[in-house]
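# Architecture at a glance
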Amino acid sequence: MIRAEHIQIGYDEKIVIKDLSLNIHKGEVVSILGPNGCGKSTLLKTLSRVLKPMKGSILIENNPIHSIGTKNLSRKIAMLSQHNEAPAGITVKELVYYGRLPHKKWFETKNKEDETIIDWALTHTGLKDYKDRLVSGLSGGERQRVWLAMALAQKPEVLLLDEPTTYLDISHQLELMELIRSINEKFNMTIIMVLHDLNQASEYSDRLVIMKKGEIKGDGSPCELINEQLLREIYNIQCDIDINPLTSKPRIHPIKTCRGHCILQQAN
Amino acid sequence: MKNKKLFWIISANILLITLIILFSTVGSVNLGFGEIIHELLQGDNQMVRTIVLKMRLPRNLLAVLVGANLAVAGLFLQAVMKNPLADPGITGVSSGASVGAIIILLVSPAHTGILPIVAFVGGSIACILVYAMAWKKGLQPNRIVLAGVAVNTILGGIISFFSTMYSDRIQSAMLWLNGSLATKTWGDVETLVGYSIVGLIASFFLIRSANILQLGDEAAVNLGLNIHRARIIISAVAVFLAATATAVVGIVSFVGLIVPHIARMLMGNDHKYTLPFSMALGSTVLLIADTLGRTIGGSIEIPVGVIMAIVGGPFFLYLLRKKGAY
């Protein structure tokens, strides 16, 4: 579905990712994990063409994304950024309508189909009763859902999410993850997200991509991939891992940092 | 909501048309409203016809055009730069035009005929300079503001230099630098009207891009907007509107800054509403300012730019306090 081929990405002089290839299949839920500064958000932004790779290319259905045309691409890929700014005085429904613009010519106005899709996006994000409220008056979690609804209104085939749960409390976090999962199952939408929470990634993803220092260090299903040694290598942490009896997915219980352990040993 | 906004837009336009007619009655020669209508229809008093048709009406119409141009320019530049302090001046267009105008007025007063062209070229060059300096892997709004401040400072220095060197001729330049509609004729209206119509119609095609830009760069890219191209096109239309207006009447500050703010306070952030409202409001504000300028000082004309600064400034502060919008 979407493929990165030997991409190199950086800002100005600093190269964040040297040479990375990744192939993501249709209908997968993929989480990209890794410590701060490992390049996971950079990778996601490149997949969404917000950043342009210095070398290599991103292909969607075997076409290089920079050859497709940015508006065409918006009908295939939607991205939910971590930070979003809504103009003051805009209502939920108005903001979600922006998601329809990639499907419209410049002179076309809102039609019945748009109304139906906006309604659908609002219903699936639990915002139906909020549609005439001002975005600025909503809580952080509600606002994040409005932006997600906008991305859904784009009716994309691939949905990219950059740390979608960061500002949410635990119940909203799980709600959002369940929502993402259900959208994936119902519409076979490919989901690629950057996550910090290892347990959520393990629980809700088909596939994990673990990065460190701009390289992929592990790629596979949560069950094959997650083990104590990998987490020690990637995050410098010591942890216990067991299996969630309800979902048979690995569950991670962090204990302490290895670094701290070493320092203590040295002191002794 | 929508109907209320539509109501405001229609009201603003009705008010504008009323004021154009009403303000043709006031001035150093006061004429009654009925008297004007009567004279225009019957047409036996040549003096009334001359005052109204040859002097006041073209002047009022010019105020309408300049006001609309500057207000729309400011609205768009604030959207492009995502900076509420942006006004046409920040792009260098005013100071560039001033340098052009001042060189003509002070150094070579015999060539005042080509002043609008020189002012337009000066404004455009300054603006291209600012945008070229601001370009770094695309158009960065913050860099436009910084480059604009720097270029404005340099051009301000050049203006001061010429003002000092030719201080004996400064009188004529002062009138231009403060933006004046005095002595404007139908010829000036004809010069500007074509450009205004082209620029203002073009602005309606940019509503959607201007709206999407407000969502931030990442969201705009994700919605399929080519943000750099959009910024350049929107700026180009804004600068064209500001440069043509400035070339004809000189520097009128503040309209481009406050009118878009008032429009947003009343209309929200959708350019579908703020654009037509800014247009009508910009015209109205400048028309009122010019009429005040030519009536309150008795026989002395106060330039419209001065009125805008002195009356517009406090009014803006009042709105800011009252609405607490920022």
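Residues numbered from 1 in each chain as written. Chains lettered and ligands numbered in written order. Predicted model: local features only at pLDDT ≥ 70, side-chain atom pairs only at ≥ 80, totals over all residues.

The helix and strand tally for chain B stands at 14 helices and zero strands. Listing every helix and strand of chain B by position from the N terminus yields α-α-α-α-α-α-α-α-α-α-α-α-α-α. Against the 2.2 N^0.38 benchmark of 20 Å for 326 residues, chain B shows a C-alpha radius of gyration of 20 Å, consistent with a compact globule. Seen along its three principal axes, the alpha-carbon backbone of chain B occupies a region of about 65 × 55 × 35 Å. Expressed as a percentage of its 326 residues, the buried residues of chain B come to 50%. Summarising the internal contacts of chain B: among those between residues at least 6 apart in sequence, 75% fall at separations of at least 24. (Helix = DSSP H or I, 4+ residues; strand = E, 2+ residues; numbered from the N terminus. Rg over C-alpha atoms; globule rule 2.2 N^0.38 Å. Buried ≥ 20, exposed ≤ 12 C-beta atoms within 10 Å, placed from the backbone. Contact = placed C-beta atoms within 7 Å.)

Attention now moves to the UniProt feature "transmembrane region" (unreviewed entry) in chain B. Residue and element names in this part refer to chain B. Under the UniProt annotation, "transmembrane region" (unreviewed entry) lies at residues 7–26, 57–77, 89–107, 113–132, 144–166, 192–211, 232–263 and 300–320. Taken end to end, residues 144–166 is 96% helix and 0% strand, and its first and last C-alpha atoms sit 32 Å apart. In residues 192–211, helix accounts for 90% and strand for 0%; the two terminal C-alpha atoms are 28 Å from one another. (UniProt positions renumbered as here; feature names shortened; annotations may be inferred.)

Every contact between the two is made by 14 residues of chain B and, on the other side, 20 residues of chain A. When residues of the side of chain B that touches chain A are traced back to their parent elements, those giving at least two are α9 (207–213) and α10 (217–222) of chain B. It is α10 of chain B that provides the largest number of residues to the side of chain B that touches chain A, a total of four residues. Residue classes in the side of chain B that touches chain A are distributed as five nonpolar, seven polar and two charged. (Nonpolar A, V, L, I, M, F, W, Y, C, P; charged D, E, K, R; others polar.)

Below, the discussion takes up the nonpolar core. Judged by nonpolar contacts, the single largest core of 164 residues is most densely connected at V96, A149 and I192 of chain A together with F76 and V255 of chain B. Here this core takes 16 residues from helix α3 (residues 46–81) of chain B, the largest share from any one element. For F76 of chain B, the residues in contact, after removing those within four places along its chain, are S203, A210, I234, V237 and A238 of chain B. (Core = buried A, V, L, I, M, F, W, Y, C linked by C-beta atoms within 7 Å.)

This part covers the packing of helix α4 (residues 93–107) of chain B against helix α5 (residues 115–134) of chain B. All names here are of chain B. Where α4 meets α5, the axes come as close as 6 Å, and the angle between the chain directions of the two elements is 140°. With respect to their mutual orientation, α4 and α5 come out oblique. Every pair of crossing elements has a handedness; the one defined by α4 and α5 is right-handed. Of the residues in α5, those touching α4 at V93, S94, S95, G96, A97, V99, G100, A101 and I104 are L115, V118, A119, F120, V121, G122, G123, I125, A126 and C127. Of the residues in the contact of α4 with α5, the class split is 13 nonpolar, six polar and no charged. (Axes fitted to C-alpha atoms, helices over the stretch in contact; angles between N-to-C directions. Parallel < 35°, antiparallel > 145°, perpendicular 65-115°, else oblique. Left-handed = near helix turned anticlockwise from the far one by under 90°.)

Our focus in this paragraph is the sheet that holds strand β4 (residues 55–60) of chain A. Residues and elements named next belong to chain A. The four strands are arranged β2-β1-β4-β5 in an open sheet whose pairing can be described as antiparallel. The open sheet has two free edges, formed respectively by β2 (14–24) and β5 (63–64), since each of these has just one partner strand. For β4 and β5, the ladder comprises two bridges, and the chain directions are antiparallel. Note that in β5 the partner of I60 across the bridge is N63. (Pairing = 2+ DSSP bridges.)

Bringing the pairing of strand β1 (residues 2–11) of chain A into the picture now. Every other side chain in a regular strand lies on the same face of the sheet, so the side chains alternate between the two faces. Residues and elements named next belong to chain A. The sheet contact formed by β1 and β4 spans five bridges and is antiparallel. Across the sheet, residue R3 finds its bridge partner in β4, namely L59. For β1 and β2, the ladder comprises seven bridges, and the chain directions are antiparallel. Directly across from A4, in β2, lies its bridge partner L22. Taking the residues that link successive antiparallel strands as the turn, the β1-β2 hairpin has two residues, and the phi of D12 there is positive, at about 50°.

A word on the environment of S48 of chain A. Mapping S48 of chain A onto the fold places it in the loop between α1 (40–47) and β4. You can call S48 of chain A buried: it has 25 C-beta atoms within 10 Å. S48 of chain A sits ten residues away from I58 of chain A along the chain, and the two C-alpha atoms are 9.2 Å apart. If we ignore the near neighbours within four places in the chain, the residues touching S48 of chain A are I77, M79 and L160 of chain A together with N222 of chain B.

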